[in-house]
Amino acid sequence: DLYERYFREIIARGIREGYFKPLPPKLVTFLIFGACNWVVRWYSQDGPLSKDEIAEFFASYLIEPLLTTEQV
């Protein structure tokens, strides 16, 4: 709960400071946590993507859409 609250505050602060679009911090947190928590279920070192490629993909499709146009 503490980790979730901390993460939610980071999102809320990013919204207040104009880095992120005004979206519900709780839902954004759940979206990111949900996506990240499933990685351990399907990731394989022998898979087609490296850890860095997966991180870049997540950043592009989970974080980048949250950014305001000034931040993109």
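About the thresholds
- Residues numbered from 1 in each chain as written.
- Predicted model: local features only at pLDDT ≥ 70, side-chain atom pairs only at ≥ 80, totals over all residues.
- Heavy atoms only, no water.
- Helix = DSSP H or I, 4+ residues; strand = E, 2+ residues; numbered from the N terminus.
- Polar contact = N/O pair within 3.5 Å; in protein donor to acceptor, adjacent residues only side chain to side chain.
- Contact = heavy atoms within 4.5 Å.
- pLDDT = per-residue confidence, 0-100.
- Axes fitted to C-alpha atoms, helices over the stretch in contact; angles between N-to-C directions.
- Parallel < 35°, antiparallel > 145°, perpendicular 65-115°, else oblique.
- Left-handed = near helix turned anticlockwise from the far one by under 90°.
- Nonpolar A, V, L, I, M, F, W, Y, C, P; charged D, E, K, R; others polar.
- Salt bridge = Lys/Arg side-chain N within 4 Å of Asp/Glu carboxyl O.
- Buried < 20%, exposed > 50% of the residue type's maximum accessible area, 1.4 Å probe, protein only.
- Core = buried A, V, L, I, M, F, W, Y, C linked by side-chain atoms within 4.5 Å.

A. Here's a closer look at the side chain of Glu4. Within the fold, Glu4 resides in helix H1 (residues 2–16). Only 2.3 Å separates the side chain of Glu4 from the side chain of Arg8, close enough to count as a polar contact. Excluding anything up to four places from it in sequence, Glu4 contacts Thr29, Phe30 and Phe33.

B. Spotlight on the confidence of the model for the chain. Residues of the chain with pLDDT of at least 70 account for 99%, and the chain-wide mean is 92. Within the chain, the element-level pLDDT minimum falls on helix H2 (residues 25–42), averaging 91, and the maximum on H1, averaging 96.

C. Looking closely at the packing of H1 against H2. In contact at an axis separation of 9 Å, H1 and H2 are set at 120 degrees when each is read in the N-to-C sense. Here H1 lies oblique to H2, going by the angle between them. Taken as a pair, H1 and H2 cross one another with a handedness that is right-handed. Along the contact surface, H1 presents Tyr3, Glu4, Phe7, Arg8, Ile11, Ala12 and Ile15, while H2 presents Pro25, Lys26, Val28, Thr29, Phe30, Ile32 and Phe33. Looking at side-chain class alone, the contact of H1 with H2 contains ten nonpolar, one polar and three charged residues.

D. Molecular detail of the pattern of salt bridges. For the structure shown, the criterion picks out three salt bridges. Between Glu9 and Arg16 there is a salt bridge; the shortest N-O distance is 2.8 Å. Take Glu9: its relative accessible area is 39%, and that puts it in the partly exposed class. On the accessibility criterion, Arg16 (57% relative accessible area) is exposed.

E. Structural view of the nonpolar core. Of all hydrophobic cores here, the largest spans six residues; its members are Ile11, Phe20, Val28, Ile32, Leu66 and Leu67. Excluding residues that lie within four positions of it along the chain, Ile11 makes contacts with Phe20, Pro25, Val28 and Thr29.

F. Here's a closer look at the environment of Pro25. One can find Pro25 in helix H2. On the basis of relative accessibility, which here comes to 23%, the residue Pro25 falls in the partly exposed class. Counting along the chain gives 20 residues from Pro25 to Gln45, while the straight-line C-alpha distance between them is 32 Å. Not counting chain neighbours up to four residues away, the residues in contact with Pro25 comprise Arg8, Ile11, Ala12 and Ile15.

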